[in-house]
Each structure stands twice: as structure tokens, then as C-alpha cells.
Amino acid sequence: MPAPEIDPLDRYSRQIRFHALGEAGQRALMGSRVTLCGCGALGTVLANHLVRAGVGRLRIIDRDFIETHNLQRQILFDERDVAENLPKAEAAARKLRAVNSSVEIEAVVTDLDHTNVLSLVGDADLILDGTDNFETRYLINDAAVKLNKPWVYGGVIGSEGQTMTIIPGQTPCLRCVIETAPPPGMTPTCETAGVLGPAVAVIASFESVEAIKILSGKLDAINRDLIMVDLWDWTFRQLRIAGLLGKVDCPCCKHRKFEWLDGEQGSHTTTLCGRNAVQVANRRAEPLDFPEMARRLQPLGEVRHNAFMLRFAAEGYEFTVFPDGRAIIKGTNDIAKARTLYAQFVGS
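This write-up is about the structure you can find in this document. (Residues numbered from 1 in each chain as written. Predicted model: local features only at pLDDT ≥ 70, side-chain atom pairs only at ≥ 80, totals over all residues. Heavy atoms only, no water.)

### Thoughts on the packing of helix H3 (residues 41-53) against helix H10 (residues 197-215)
- Between H3 and H10, whose axes approach to 9 Å, the crossing angle comes to 40 degrees. The angle between H3 and H10 places the two elements in the oblique class. Our pair here, H3 against H10, has a crossing hand that is right-handed. Within the contact between the two elements, H3 uses Ala41, Leu42, Val45, Leu46, His49, Leu50 and Ala53 and H10 uses Val200, Ala201, Ile203, Ala204, Ser205, Glu207, Ser208, Ala211 and Ile212.
- Its residues assigned to classes, the contact of H3 with H10 comprises twelve nonpolar, three polar and one charged. (Axes fitted to C-alpha atoms, helices over the stretch in contact; angles between N-to-C directions. Helix = DSSP H or I, 4+ residues; strand = E, 2+ residues; numbered from the N terminus. Parallel < 35°, antiparallel > 145°, perpendicular 65-115°, else oblique. Left-handed = near helix turned anticlockwise from the far one by under 90°. Contact = heavy atoms within 4.5 Å. Nonpolar A, V, L, I, M, F, W, Y, C, P; charged D, E, K, R; others polar.)

### Topic: the nonpolar core
- One finds Val55, Leu58, Ile60, Leu96 and Leu128 to be the most contacted residues of the largest nonpolar core, which totals 41 residues.
- Elements that contribute at least two residues to this core include exactly strand E1 (33-37), H3, strand E2 (57-62), helix H5 (88-99), strand E4 (126-129), strand E5 (151-157) and H10.
- Among the nonpolar cores identified, the runner-up in size contains 30 residues, and Ile61, Leu112, Val145 and Cys176 belong to it. (Core = buried A, V, L, I, M, F, W, Y, C linked by side-chain atoms within 4.5 Å. Buried < 20%, exposed > 50% of the residue type's maximum accessible area, 1.4 Å probe, protein only.)

### Examining the environment of Asp233
- Structurally, Asp233 is set in the loop between strand E7 (225-230) and strand E8 (235-240).
- Along the chain, Asp233 and Glu67 lie 166 residues apart, while their C-alpha atoms are 30 Å from each other.

### Thoughts on the sheet that holds E8
- Strand order across the open sheet formed by eight strands is E3-E2-E1-E4-E5-E6-E7-E8, with mixed pairing between neighbours. Every other strand in the sheet has two partners, leaving strand E3 (104-109) and E8 as the edge strands with one partner each. Direction aside, neighbouring strands of the sheet carry axes that sit 15 degrees apart on average.
- Pairing analysis gives six bridges linking E2 to E3, with the strands arranged parallel. Bridge pairing in E3 links Asp62 to Val109.
- On top of the sheet, helix H7 (residues 134-147) reaches E1, E4, E5 and strand E6 (160-166); it is set at about 170 degrees to E5, its chief contact. (Pairing = 2+ DSSP bridges.)

### Regarding unusual backbone geometry
- The phi dihedral of Asn148 is positive, around 60 degrees, even though this residue is not glycine.
- When you line up the elements, Asn148 lands in the loop between H7 and E5.
- Although it is not a glycine, Glu315 adopts a positive phi angle of roughly 55 degrees.
- Within the secondary structure, Glu315 is located in the loop between strand E12 (310-314) and strand E13 (317-321).

### Thoughts on the pattern of salt bridges
- In the structure shown here, the tally under the stated rule is 23 salt bridges.
- Between Lys95 and Asp78 there is a salt bridge; the shortest N-O distance is 3.3 Å. Of this pair, Lys95 sits in helix H5 while Asp78 sits in the loop between E2 and helix H4 (79-83); the two residues are 17 residues apart in sequence, bridging distant segments of the chain.
- When salt bridges with common partners are traced through the structure, they connect Arg33, Arg57, Arg59, Glu104, Glu106 and Asp123 into a single cluster. (Salt bridge = Lys/Arg side-chain N within 4 Å of Asp/Glu carboxyl O.)

Here it is, written out as C-alpha cells:
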């Protein structure tokens, strides 16, 4: 006898019983497409929630690889991933496919910048912020406003986090509320202030609920405030920002100036939060030939590579090189020094 058919909605039965979602909302979720920008602390929690909730397709974009210190808060990774030198996007996709095989998951190992953001978010119903820097968030904001796509912002440092939901034309955008990023060195980072895993989980859970509301068509239920939470001090604040829509002289949503998207703002070489490392982005039309590169670098000592990255050390610095020509150089926060090292050991 043929095996009985399994109702694809059965795995979501407890979620469907939640009256505000229901079967119609679940079916909308299952037909949705999400682009997740960043798969570190926030991103792993976001991806985990959304795949278990049953989104139709999830594209995970992340430029980085997994290190042991990530395991304290980046819930999709384990020590085996560190040993295998896996990029975060690929490791997350492997875990999530085992969680829910009905969700289409795409791993994109790249640096999100003004040259690729439109193509990576263009087919999404929603963009989610799992990043750790305002440069990328302003880029996402530009793309979302230009394409008229909703996105959810979130950020965490120490025990404090904040989040807001942005629906272009219906809510203020990020630059209405935070027009410019603080200068480097003027705000805490995860390197100076640390970060608590539970704070990450709270903010990512807030983002995830907003995602479920938007993707299921429940826009009347979205958060329209800037939410700020400090778990250590046990404080919760809501800034009423809805009134800013159309009232502030916003360069993005009012004047349609997309400075980050046009490449007028932002850099292609950046320091990485809490890493004593610099990323040098030097895109190539063709992927690097890792076997040939390993042979060339062999005089330096051990060179390891797989399909996703090549790693070696030189002059006291650690290099991780990706197929698209990007490299993360650990051991310095000096951008000029990192560029010199890149040219010396990787090439122009």
C-alpha cells in the first residue's frame, strides 16, 4: 500500500492555532521570500526562527567564516564548523536544511555592497538585518527605499539592543531616525563592550515576530516605534517615531538621494568588529585558483584551502582569502597596512 500523504501544514499546527496567524497566514509565509543580510549573532537566531516558522525561501548573505569565539552567541554553529573552516552562510544553510527540508535555502558567501545589493534583495518580500555595522544598514535602507521593500533593523552591544520596522512610505526610514552614523571610535563595539547572547536572542526574536507579521500580511500589527531594551538593567523603552514620517528632511526617503547605494558613501575596505582584523574587498570577474595560489604561497609555511576559502599566515598576520578576491587580514586594524599586505601576498 502507498504511504499516506503527510499534510505539509501539520508541522506548523501549533503556529497555525495562534489566532492572529491562522492557516491563511501560514500559507502566505510558505510562499514568501526573505533575504537575510548577515549570519552572525543576530542572523543565526533570525534564520533559525524563520526556517522553523516555514518561510518559503531564505537567502543568507555573509562574508565571514566561523571562529571559536562566535560559538558563545551564534546558535547555528559548533566546533566542527570551526574545524572545517566553513563560511557562516554555508554552515548555517547546512544546519537549516536538516531542520526543514521544505524551505529553499540559498547561501551566498560575499560582502554585501553597492555593486550587488540590488540583485541580492530584488526578489525578496522582506529584508532582515543581521549585520554588525551601520555602513551596511544604510546600504540596506537605501536599497529598501528605492525598491519599496520592507526591512527590519536590529542591533546589539553589551546587554542592550534596539530594533525598528521600516515599511517605505508607511513608516520613517532608518535615516529619518539616525541620519548619520557616529564617527569611528565614538561608540562601543563588541570588542570594547562585549555582547551577551541572551540580548542577541531577544532582539532577533523581536525582528522575527515582525517578519512573520509582514510576510503573513498582518501589517496592521507591526511595531511602529524604536524599541530599546537593556537586559542587564532590565529597562524597556519605546521611542514614538511614527510622527517623523514626512516631517524630517530625510535625504533618503524624502529627497530620494541614495548615497550609500550609489557608492558615494561607504568604503570597500573595512575593520571588523571585535576582530583586530580588516576586510579588503577586491572583486574579481573569475574566482581565484586556490590550488595554484597555495603552491605559490607554500614557501611561507602551511597553506590550507577548501572550496570556500584559503588560509595562511605571513609576517605575524593571518590571511583568509575567498574565491571572489576578498580577504580578511587578522592582526591589524590599520586599513592602509591591510591593503599593503593584500597587495604583497594576495596580489592586485
